[in-house]
Amino acid sequence: MNIKAAWVLMIVAVGFPAVNWAGETKTELVLLKEFQNPEALFYKGRHCKEAFTIKKGRDFPDLRKMRNYFCEGEYSIILDGPPGTTVTVYGQFYFGENHGYLTLTKTDHRRVWLWDLEDFPDGKWVVADANKDTGAYEVYYHAGSDFRMRLGSVKWNEIPCLVSIPK
């Protein structure tokens, strides 16, 4: 076998599977918890994990089932997926709106990372362009007491009925 045929065979063998693997973007929400003090890493004898991943389509009505829910700290969130991916994070269990909520929609292909969940005006849509740290997104924040520390539930593809999208 000559060298050209070997190269073509190698490109076909490696290239086609790589194209298929790259075709689907994972869609998931990652809840990250930053602990204020080192003692917070251990809560009642168990280790507190810093990340909790929720795959698209899997709603969580009660985040108390999450391993590190009772560990003290502030949340930040990372959203991966195609443009148009929408997730709402509630400060109350079973998608209740009384303790605040945040609706996030991706508007480009880059990962979105929100560090401070309370860094948005209450009751208004905010459109953010991509920068070196995060992709572009639209976010609506309904304020709640200590929202960044008390997430209660997560729902995919939902925008609460009280929220109207700007045109």
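These numbers were taken from a predicted model, which means no experiment stands behind them.

**Q** Hey, could you run me through unusual backbone geometry in this one?
**A** Although it is not a glycine, Asp146 adopts a positive phi angle of roughly 50°. Structurally, the position occupied by Asp146 is in the loop between β10 (137-142) and β11 (153-156). Phi at Asn157 is positive, roughly 55°, even though this residue is not glycine. Within the element layout of this structure, Asn157 appears in the segment after β11. Here Asn157 falls in the exposed class, since its relative accessible area comes to 52%.

**Q** Would you take a moment to explain the packing of aromatic side chains for this structure?
**A** Pairs of aromatic rings are described using the distance from one ring centre to the other and the angle between the two planes. Applying the stated criterion across every chain, the model contains eight aromatic pairs. Taking the centre distance of 6.5 Å and the plane angle of 90° together, the rings of Phe120 and Tyr137 count as edge-to-face. On the criterion of sequence distance, the pair formed by Phe120 in the loop between β8 (112-114) and β9 (124-128) and Tyr137 in strand β10 is long-range, its members being 17 residues apart. Judged by relative accessible area, Phe120 falls into the buried class, the value being 12%. Tyr137 sits in the buried class, given a relative accessible area of 9%. Measuring from centroid to centroid gives 5.7 Å for Trp125 and Tyr140, while their planes differ by 55°, and the two rings are tilted. Within this pair, whereas Trp125 is found in strand β9, its partner Tyr140 is found in strand β10, the two being separated by 15 residues in sequence. The rings of Tyr90, Phe95, Tyr101, Trp125 and Tyr140 are connected pair by pair, giving a single aromatic cluster. One cation-aromatic arrangement involves Arg64 over Phe93; the distance from NZ or CZ to the ring centre is 3.8 Å.

Rules used throughout
- Residues numbered from 1 in each chain as written.
- Predicted model: local features only at pLDDT ≥ 70, side-chain atom pairs only at ≥ 80, totals over all residues.
- Heavy atoms only, no water.
- Helix = DSSP H or I, 4+ residues; strand = E, 2+ residues; numbered from the N terminus.
- Buried < 20%, exposed > 50% of the residue type's maximum accessible area, 1.4 Å probe, protein only.
- Phe/Tyr/Trp six-rings, centres within 6.5 Å; stacked < 30°, edge-to-face > 60°.
- Lys NZ or Arg CZ within 6 Å of the ring centre and 35° of its normal.

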